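# Inside the fold
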Amino acid sequence: MKQVKINIVKLLKGQKPGWVGISPDFKKILVWGKTLDEATQKAEKFKEKIYYFPAGESYSNFVGIIDYGINNTL
Amino acid sequence: MGLTIHYSPLPGLEKTGVLAPMIPVTFKNARREFSTIALVDSGAEAGIISTVIADKLNIKWRKIPAKSGFSIGSNFRFHPVDINAQIYDHKFSLKLNVVEGIFAFKCILGRKDLFKRAKICFEGYKNRFEIIFREFN
């Protein structure tokens, strides 16, 4: 079975806010643009598939988190 | 085709230990293509994309009558669209919902789309999930 590892934190570390184009093996950033349009334009020279993802965002509202706090119990 | 995909940490959540099941996906609308990384959400009734992603795919979502939806956080307006998608070698069509006013990165695949196309086994104790796409004749 094919194994896929994507570490978005590692990929986006130190990136300026904007959009990045990620290599198909999810190991490096190939392009960066302040906007998605800028990033896709820069990516035109690449033949491989590029995955776009915003950089400089907090993704804390992507997934639901319940913070019970240190002194709270269920 | 089967895939084992390891959960990914998310920026802003490193200290929480939260890891997310993410999957690479390419959406296709006529000649436009857009590849991104989507959240696999068994709690989501249907998939969603942001208006930024919809615009990149040249989806004329403003011309599609809006409907109302709700999530745990709030209500939202969305525009349903039919679109094609590809995950590695597996191609399929699905109905996605273009949601107004959400973060640009938001792309979620849910029960009415991805979960109807594949057997998905979450292995939280291994921080990964397995996905095996169904074969259709």
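Residues numbered from 1 in each chain as written. Chains lettered and ligands numbered in written order. Predicted model: local features only at pLDDT ≥ 70, side-chain atom pairs only at ≥ 80, totals over all residues. Heavy atoms only, no water.

## Re the overall build of chain B
Threshold: Secondary structure elements are taken from DSSP: a helix is a run of H or I of four residues or more, a strand is a run of E of two residues or more, and numbering for both begins at the N terminus. Per-residue accessibility, obtained with a 1.4 Å probe over protein chains only, is compared with the maximum for each type, and a residue is labelled buried under 20%, exposed over 50%, and partly exposed between these values. Contact between two residues is taken to exist if any of their heavy atoms lie within 4.5 Å; hydrogens are not considered. To measure how exposed things are, a 1.4 Å probe is used in the Shrake-Rupley method; for residues, cover is taken only from the protein chains shown. In this tally Asp and Glu are treated as negative and Lys and Arg as positive; neither His nor the chain ends contributes. For the purpose of locating charges, the reference atoms are NZ of Lys, CZ of Arg, CG of Asp and CD of Glu.
Secondary structure assignment for chain B yields two helices and 12 strands. When the helices and strands of chain B are placed in sequence order, the string is β-β-β-β-β-β-α-β-β-β-β-α-β-β. Dimensions of chain B along its principal axes, counting C-alpha atoms only, are 45 × 40 × 20 Å. Per-residue burial for chain B yields a buried fraction of 52% across its 137 residues. Across chain B, every contact between residues at least 6 apart in sequence was considered, and the portion connecting residues at least 24 apart equals 52%. Of the roughly 7000 Å² of accessible surface on chain B, 49% is carried by carbon and sulfur atoms. Taken together, the 21 basic and 12 acidic charged side chains of chain B have centroids lying 5 Å from each other.

## Topic: the packing of aromatic side chains
How we decide: When two rings of Phe, Tyr or Trp (its six-membered ring) have centres within 6.5 Å they constitute a pair, described as stacked for plane angles under 30 degrees, edge-to-face for angles over 60, and tilted for the intermediate range.
In total, this model carries seven aromatic pairs over all chains according to the counting rule given. The interplanar angle of 20° and the centroid separation of 5.6 Å between the aromatic rings of tyrosine 52 of chain A and phenylalanine 34 of chain B together place this pair among those described as stacked. Placement of tyrosine 52 of chain A in strand S4 (residues 51–55) and of phenylalanine 34 of chain B in strand S5 (residues 32–40) is noted, with the two residues assigned to different chains. Each of the two residues, tyrosine 52 of chain A as well as phenylalanine 34 of chain B, counts as buried. Here phenylalanine 115 of chain B and phenylalanine 122 of chain B contribute two aromatic rings whose centre-to-centre distance is 6.4 Å and whose plane-to-plane angle is 25°, an arrangement assigned as stacked.

## Considering the sheet that holds strand S12 (residues 128–133) of chain B
Rules: Two strands pair under a simple rule: DSSP has to find at least two bridges between them. To get an axis, a line is fitted to the C-alpha atoms, and for a helix only the part in contact is used. The angle between two axes follows their N-to-C directions and goes from 0 to 180 degrees.
Spatially, the four strands line up as an open sheet ordered S1(A)-S1(B)-S12(B)-S11(B), and their pairing is mixed. If you trace the sheet from one side to the other, it starts and ends with strand S1 (2–5) of chain A together with strand S11 (118–123) of chain B, each paired once. Direction aside, neighbouring strands of the sheet carry axes that sit 20° apart on average. Across four bridges, S1 of chain A lies against strand S1 (residues 2–6) of chain B in parallel orientation. When the sheet's bridge partners are listed, lysine 2 of chain A is paired in S1 of chain B with leucine 3 of chain B.

Keep in mind that these numbers describe shape and distance, not what the molecule does.
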